[in-house]
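# Per-entry structural report
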Amino acid sequence: MNYQWYPGHMTKAKRMMQENIGLIDLVIELVDARVPLSSRNPDIDELGKNKSRLILLNKSDLADEKANSLWVDYFRTKGFHVIEVNARSGQGLRAINGAVKEVCREKIERDRKRGIVNRPVRAIVVGIPNVGKSTFINSYAGKACTKTGNKPGVTKGKQWIRMNKELELLDTPGILWPKFESEEVGKKLALIGSMNDEILQMTELATELLAYLIKYYRQLLADRYRIESLDDMDTPLKVLTHICEDRKCYRKGQEPDYEKASAIVMDDFRSGRMGRITLELPDGISANSGGIEERQNRGMAE
Ligand code: G4P
């Protein structure tokens, strides 16, 4: 399958980020907890250098809880502040104000030494498409409705949302282009639905996903699709055929409708109905059918 993002979009996104980055002190980067590395943009470290940084592991409600903790540890050891959040429900958002103070401590201190007091930290929310940027801004800033700039009759400028006296948020998120450094990354981004499905083959995607689930999340599969004997369901085709029978997905002539079954699988996964599933783990840690194990701790070879 060919996964891509259009070069025109990429140039526009890059330009917008470069324009805005000069105005801000803090970059709040959203990543998708199901694929925390694949959903990061490779250039963010360069774009965000000399800025305070905060990573939000968003959609944590859809990802494996144990994996979330491993990813939080991973980003911490890389020197980032990181918080697990669910932008949709608002879970985890309360911890952000404290974290902002912490990550911006040096800047606030620098300002204070220069005699600048009460200047709020200015932040931008960034992330690849569909990672939850707008949802996050709405939930986080929902109650803080004081907007500055762009008022009628006032000079045109950026819209800042005043969160509190210490923090202002740019109301438009920065869109980062996804990285396509490998087929594997493209595949994972397609699985979580961060690409246009029209150009993707549903059956191919569902087959990829099922192969992964058979290996690492067998019980979730069995529970969702009423599979009695897991041992018999050792290939994606067998699982899809079972779903066709279970959900009565047939074409004319009683042919199994694999496309329909594939759409069910993808929808169940993306909506979280299948359960909490993470598609990648930090290096040195691997998933097995019984859950996540730390290979290094157990002295197993990669
Ligand atoms: P973007 O600005 O980064 O492009 O993403 P956006 O906020 O539009 O969010 C994309 C989809 O992800 C939305 O679903 C949104 O509700 C969902 N979402 C965002 N954060 C979370 C989260 O923490 N957990 C879960 N489970 N979902 C989240 P949608 O189906 O496209 O829209 P809607 O049906 O919610 O309106």
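The structure reproduced in this document is the subject of the present report. (Residues numbered from 1 in each chain as written. Predicted model: local features only at pLDDT ≥ 70, side-chain atom pairs only at ≥ 80, totals over all residues. Heavy atoms only, no water.)

## Considering the pattern of salt bridges
If you walk through the whole model with that rule in mind, you get 27 salt bridges. Through salt bridges that share partners, Asp 25, Lys 107, Asp 111 and Arg 119 make up one connected network. (Salt bridge = Lys/Arg side-chain N within 4 Å of Asp/Glu carboxyl O.)

## Focus on unusual backbone geometry
Here Asn 118, not a glycine, exhibits a phi torsion of approximately 60°, which is positive. Of note, Asn 118 is situated in the loop between helix 5 (105–113) and strand 4 (121–127). (Helix = DSSP H or I, 4+ residues; strand = E, 2+ residues; numbered from the N terminus.)

## Points about the side chain of Lys 133
Here Lys 133 shows up in helix 6 (residues 133–141). Salt bridges are absent for the buried Lys 133, whose nearest opposite-charge side chain, Asp 32, sits at 10 Å. Here the side chain of Lys 133 touches Gly 127 through a polar contact of 3.2 Å, landing on its backbone oxygen. With near-sequence residues (within four places) excluded, Lys 133 lies in contact with Leu 30, Val 125, Val 126, Gly 127, Ile 128, Pro 173, Gly 174 and Ile 175. (Buried < 20%, exposed > 50% of the residue type's maximum accessible area, 1.4 Å probe, protein only. Lys, Arg positive; Asp, Glu negative; His and termini not counted. Polar contact = N/O pair within 3.5 Å; in protein donor to acceptor, adjacent residues only side chain to side chain. Contact = heavy atoms within 4.5 Å.)

## Brief notes about the packing of aromatic side chains
Under the criterion given, the structure shown has seven aromatic pairs. Between Phe 75 and Phe 80, the ring centres sit 6.4 Å apart and the planes meet at 75°, which makes this aromatic pair edge-to-face. For Phe 80, a relative accessible area of 17% puts it in the buried group. Between Tyr 212 and Tyr 217 the ring centres are 6.2 Å apart and the planes differ by 40°, which places this aromatic pair in the tilted class. Classification of Tyr 212 as buried rests on a relative accessible area of 18%. The structure contains a cluster of three or more aromatic residues connected by ring pairs, namely Trp 71, Tyr 74, Phe 75 and Phe 80. (Phe/Tyr/Trp six-rings, centres within 6.5 Å; stacked < 30°, edge-to-face > 60°.)

## Section: the site of the ligand
Close contacts around the ligand come from 15 residues, with Asp 61, Asn 130, Lys 133, Ser 134 and Thr 135 the closest. For the ligand, an oxygen atom lies 3.0 Å from a polar atom in the side chain of Asn 58. Val 131 places a polar main-chain atom, nitrogen or oxygen, 3.2 Å from an oxygen atom of the ligand. Here the ligand loses 64% of its free accessible area of 710 Å² to cover by the protein chains. The element contributing the most residues to the shell around the ligand is helix 6, with three residues. Here the residues of the shell around the ligand sort into five nonpolar, six polar and four charged. (Near = heavy atom within 4 Å. Areas by Shrake-Rupley, 256 points an atom, 1.4 Å probe, with all protein chains shown as cover. Nonpolar A, V, L, I, M, F, W, Y, C, P; charged D, E, K, R; others polar.)

## Here we look at helix 11 (residues 258–271)
Over its 14 residues, helix 11 runs 20 Å from end to end, which matches the ideal 20 Å to within 8%, given 1.5 Å per residue. Taken together, the buried positions of helix 11 are Ala 261, Ser 262, Val 265, Met 266, Asp 268, Phe 269 and Arg 270. Against the buried residues of helix 11 lie helix 7 (183–191), helix 8 (202–216), helix 9 (218–224) and helix 10 (236–246). (Expected span 1.5 Å × (residues − 1).)

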